[in-house]
Amino acid sequence: MTCEGKTSDVEAFFASAPSLRDEDTIRQRVQVFIDEHRSRHNRLVCVTSGGTTVPLERRCVRFIDNFSSGNRGAASTEYFLKADYAVIFLYRGGTIQPFCRSVPDDALLTCLEPDDSHGIKVRAEFYSDVEHAIRGNHEGLMSHKLLKVPYTTLFEYLQILQIIATAAHSLQRLAMFYLAAAVSDFYVPWESMGEHKIQSAGGSLAMQLAGVPKMISVLREGWAPNAFCVSFKLETDQTILIQKANDALRKYRVHAVVANELNTRRKKVTIVTANGDTVIERTDQAPDVEMELVGFLCEKHAEFISNGQYT
Ligand code: PAZ
């Protein structure tokens, strides 16, 4: 099993992946968005959010999922927009959307009710949350500052990330990648996957999973080598977290790794850079940890844009 981002593994991964549905449309939307912001010299961030699925059958009935609610990506997108970035939000379909963090899961049924004139109205107690969600998204989309691109599978995620990163190469240092999505490390190669639903008659199931080539290295070295790149490291064992983040920093040559532990991820993150670690903990004054996290990274990115370096 190979886990390095070797060219042959990467090429094999993309060559054997199922073709991306709506590829031309995605490519065109991304290119138009990036061209517009390049012509205005705007800073642009690609925020990835949610978890990838790994299909077990081509006509997929069963899949392996990676945990992520999408809260980190959604919250961060809001703060990047506030900081005047253009944002490409590459998100897992069905996960939390920017400006919608306070809206309940079953929004339609919970927030709306029939009115007296056979119409529908927003329930008073949800009015401000719904208004925030609608206005935030409307403003982002109408001002062309926000582009949303959904994915579900690991194949789709990496194919779209490649499209975005190669297009963002033209932005040079003005581009940032903020890779908060939880991406599977293992997958079933398309060519070794059965067409139909796996049958259970045999009782137990043994499957061989292949290692996903480390695409962050490929992004850094090939797709968008001049962009500012921030990756995330999630662990459930606090004792190995910072070491693993440092390993990732060195191995993938990213500019920062945001380390977080599953149970405390909403309250505390550690930003690991070549210049040391910065711990960010949510205070009672701050609505969420992403406010300071995004603020910190925007500062580093500004230094990087000016000097090609950051402190
Ligand atoms: O999406 P969420 O807010 O529930 O969780 C965020 C997170 C833990 C998925 C993210 O902060 C993260 O660490 N992503 C990378 C996960 C990984 O190491 O693969």
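Residues numbered from 1 in each chain as written. Predicted model: local features only at pLDDT ≥ 70, side-chain atom pairs only at ≥ 80, totals over all residues.

The name given to the protein chain in an unreviewed UniProt entry is DNA/pantothenate metabolism flavoprotein C-terminal domain-containing protein, with the source organism recorded as Ceratopteris richardii.

Structurally, Met291 is set in helix α9 (residues 289-307). Those residues in contact with Met291 that lie beyond four places of it in its chain are Tyr79 and Ala286. (Helix = DSSP H or I, 4+ residues; strand = E, 2+ residues; numbered from the N terminus. Contact = placed C-beta atoms within 7 Å.)

Residues annotated by UniProt as "domain: DNA/pantothenate metabolism flavoprotein C-terminal" (unreviewed entry) correspond here to residues 163-276. Here residues 163-276 runs as 26% helix and 26% strand, with 32 Å between its end C-alpha atoms. (UniProt positions renumbered as here; feature names shortened; annotations may be inferred.)

Before going further, it helps to spend a moment on the environment of Lys197. Looking at the secondary structure, you find Lys197 in the loop between β9 (186-187) and β10 (210-211). Residue Lys197 is classed as partly exposed on the basis of its C-beta count, with 13 C-beta atoms lying within 10 Å. In sequence terms Lys197 and Cys60 are 137 residues apart; their C-alpha atoms lie 7.0 Å from each other. Beyond its immediate chain neighbours, meaning those up to four positions away, Lys197 contacts Glu57, Arg59 and Val61. (Buried ≥ 20, exposed ≤ 12 C-beta atoms within 10 Å, placed from the backbone.)

The buried count for strand β12 (residues 256-261) comes to 5 of 6 residues, which makes it a mostly enclosed element. Since strand β11 (residues 228-235) and β12 lie parallel, the crossover through helix α8 (residues 238-252) that links them has a hand, and here it is right-handed. Pairing between β12 and strand β13 (residues 268-273): 3 bridges, direction antiparallel. Bridged to Val257 within β13 is Val272. Connecting β12 to the next strand, β13, in antiparallel fashion are 6 residues. (Right-handed = clockwise from strand over helix to strand, strands pointing away. Pairing = 2+ DSSP bridges.)

What follows deals with α8. For α8, spanning 15 residues, the distance from its first C-alpha to its last is 21 Å, which sits close to the expected 21 Å at 1.5 Å a residue. Where α8 terminates, the next one or two residues include Arg253, which has phi positive at roughly 55 degrees. (Expected span 1.5 Å × (residues − 1).)

So, about the site of the ligand. The full set close to the ligand counts 13 residues, and Ser69, Asn71, Arg72, Phe232 and Leu234 are the nearest of them. Sorting the residues of the shell around the ligand by element identifies α3 (71-82) and β11 as the ones contributing at least two each. Take the shell around the ligand: its biggest share by element is 3 residues, from β11. Among the residues forming the shell around the ligand, the class breakdown is 5 nonpolar, 5 polar and 3 charged. (Near = placed C-beta within 6 Å. Nonpolar A, V, L, I, M, F, W, Y, C, P; charged D, E, K, R; others polar.)

Right, let's get into the packing of helix α2 (residues 23-39) against helix α6 (residues 154-168). Closest axis-to-axis distance for the α2/α6 pair is 10 Å, and the angle between their directions is 30 degrees. Taken together, α2 and α6 sit at an angle that is classed as roughly parallel. Both α2 and α6 take part in a crossing whose hand is right-handed. Residues Ile26, Arg27, Val30, Gln31 and Ile34 of α2 pack against Ile160, Ile163, Ile164, Ala167 and Ala168 of α6. For the contact of α2 with α6, the per-class residue count stands at 8 nonpolar, 1 polar and 1 charged. (Axes fitted to C-alpha atoms, helices over the stretch in contact; angles between N-to-C directions. Parallel < 35°, antiparallel > 145°, perpendicular 65-115°, else oblique. Left-handed = near helix turned anticlockwise from the far one by under 90°.)

For the rest of this paragraph, the subject is the sheet that holds strand β7 (residues 146-151). One open sheet accounts for 8 strands, arranged β7-β4-β1-β8-β11-β12-β13-β14; its pairing is mixed. Looking at which strands have only one partner, the edges of the open sheet turn out to be β7 and β14 (276-281). For this sheet the average axis-to-axis angle between neighbouring strands, irrespective of direction, equals 15 degrees. Sheet strands in contact with α3 are β1 (44-49), β4 (86-92), β7 and β8 (175-179), and its direction is about 165 degrees off that of β1.

This part is about the nonpolar core. Grouped together as the largest cluster of nonpolar side chains are 78 residues, with contacts concentrated most on Val87, Ile88, Leu90, Ile164, Ala168, Phe177 and Val230. Of all the elements, α6 adds the most residues to this core, at 11 residues. When neighbours within four sequence positions are excluded, Phe177 is seen to be in contact with Cys46, Ala165, Leu219, Ala224, Ala227, Cys229 and Val230. (Core = buried A, V, L, I, M, F, W, Y, C linked by C-beta atoms within 7 Å.)

Next up on the list: the packing of α3 against α9. Between α3 and α9, the shortest axis-to-axis distance is 9 Å and the interhelical angle comes to 55 degrees. On the basis of the axis angle, α3 is oblique to α9. Crossing hand, α3 versus α9: right-handed. Residues Arg72, Ala75, Ser76, Tyr79 and Phe80 of α3 lie in contact with α9, whose contacting residues are Glu290, Met291 and Val294. When grouped by side-chain class, the residues that make up the contact of α3 with α9 number 5 nonpolar, 1 polar and 2 charged.

Here is the key point about a regular strand: its side chains alternate between the two faces of the sheet. In terms of burial, β8 is largely enclosed, as 5 of its 5 residues are buried. Along β8, one buried face is formed by Ala175, Phe177 and Leu179 and the opposite face, lined by Met176 and Tyr178, is buried too. Where β1 meets β8, 5 bridges bridge the pair, whose relative direction is parallel. Paired with Val45 across the two strands is Met176, which belongs to β8. With 4 bridges connecting them, β8 and β11 associate as parallel partners. Directly across from Met176, in β11, lies its bridge partner Phe228.

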